[in-house]
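Residue strings, one per chain:
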Amino acid sequence: MSIKQNLNNIKEKLPEHVTLVAVSKTKPISDLMEAYNAGQRIFGENKIQEMAERHDEMPKDIEWHMIGHVQRNKVKYMAPFVSLIHGVESFKLLKEINKQALKHNRVIDCLLQIKIAEEESKFGMRPEEAKNILLSQDFSALKNIKVTGVMGMATFTDNTEQIEKEFKLLKATFDTLITLKTENCKLQTISMGMSGDYQLAIACGSTMVRVGSSIFGYRN
């Protein structure tokens, strides 16, 4: 099936309140343009420099989401244009995003990455740590970022029960944190679920899914 058909098939299944991020990492720009021409406007990348190059070459009404692990020294390359940073896993990173956003007179939306998987390789903060950050004076001083939700990655496993348990942990974390409304924190997004498990994620409360191979085919 074509990229356009794949996209349409997925969008037909998505509830209205769920946002689709097309994960375009490593795919050629021609593939991205096929998705763009089929109506997709939100693309997710996991390498900052590659995302910056694509931003330069592609239409300017695209929302670019950074979905990969973020190194603080590279934030400056995406600060002028990035719409949402999914993987914010420390206060130090929030501070750096705030500093770079200030240089461009922007407020950058961020999701706190919560560690829900049992795998050691997965990044993220514990729910308690996220709560402590959002309640801190240091956080309230950051005027050029806005925390708009949480993100999590489930364990890479075929065990559906385990994945469901991890998704429910992220939803429960969101429900706890949503009461902490401040100037720079208004939680509305739960980013969880990828090609293999996005329907389960939606059933567990996801409002944003990151889908790559089901749209673009498997990566080489």
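A brief structural summary.

Calculation criteria
Residues numbered from 1 in each chain as written. Predicted model: local features only at pLDDT ≥ 70, side-chain atom pairs only at ≥ 80, totals over all residues. Heavy atoms only, no water. Helix = DSSP H or I, 4+ residues; strand = E, 2+ residues; numbered from the N terminus. Contact = heavy atoms within 4.5 Å. Phe/Tyr/Trp six-rings, centres within 6.5 Å; stacked < 30°, edge-to-face > 60°. Buried < 20%, exposed > 50% of the residue type's maximum accessible area, 1.4 Å probe, protein only. Lys NZ or Arg CZ within 6 Å of the ring centre and 35° of its normal. Lys, Arg positive; Asp, Glu negative; His and termini not counted. Salt bridge = Lys/Arg side-chain N within 4 Å of Asp/Glu carboxyl O. Axes fitted to C-alpha atoms, helices over the stretch in contact; angles between N-to-C directions. Parallel < 35°, antiparallel > 145°, perpendicular 65-115°, else oblique. Left-handed = near helix turned anticlockwise from the far one by under 90°. Nonpolar A, V, L, I, M, F, W, Y, C, P; charged D, E, K, R; others polar.

A few points about the environment of A38
Phase 1 of the analysis: Position of A38 relative to the elements: it lies in the loop between α2 (29-37) and β2 (42-45).
Phase 2 of the analysis: When the C-alpha atoms of A38 and I3 are compared, they prove to be 8.3 Å apart, with 35 residues separating the residues in sequence.
Phase 3 of the analysis: With sequence-adjacent residues up to four places away left out, A38 is seen in contact with K4 and L7.

Overview of the packing of aromatic side chains
Phase 1 of the analysis: Considering all chains together, one arrives at 1 aromatic pair under this definition.
Phase 2 of the analysis: On the numbers, 5.9 Å between centres and 35° between planes, the contact of F43 with W64 is tilted. Placement of the pair is F43 in strand β2 and W64 in strand β3 (residues 63-66), with a sequence separation of 21 residues.
Phase 3 of the analysis: On the basis of relative accessible area, W64 is assigned to the buried category, the value being 0%.
Phase 4 of the analysis: Of note, R41 hangs over the ring of Y36, and the distance from its end group to the ring centre comes to 3.6 Å.

What about the side chain of K27?
Phase 1 of the analysis: Among the structural elements, K27 can be located in the loop between β1 (19-23) and α2.
Phase 2 of the analysis: Buried within the structure, K27 lacks any salt-bridge partner; its nearest side chain of opposite charge belongs to D31, at an N-O separation of 4.8 Å.

Notes on the packing of helix α1 (residues 3-13) against α2
Phase 1 of the analysis: For the pair α1 and α2, interaxial distance at closest approach is 9 Å and the crossing angle is 50°. The angle between the axes of α1 and α2 places the two elements in the oblique class. Handedness of the α1/α2 crossing: right-handed. Contacts from I3, K4 and L7 in α1 reach D31, E34 and A35 in α2.
Phase 2 of the analysis: Here the contact of α1 with α2 is built from residues that sort into 3 nonpolar, no polar and 3 charged.

These results come straight from atomic positions and should not be treated as a statement about function.
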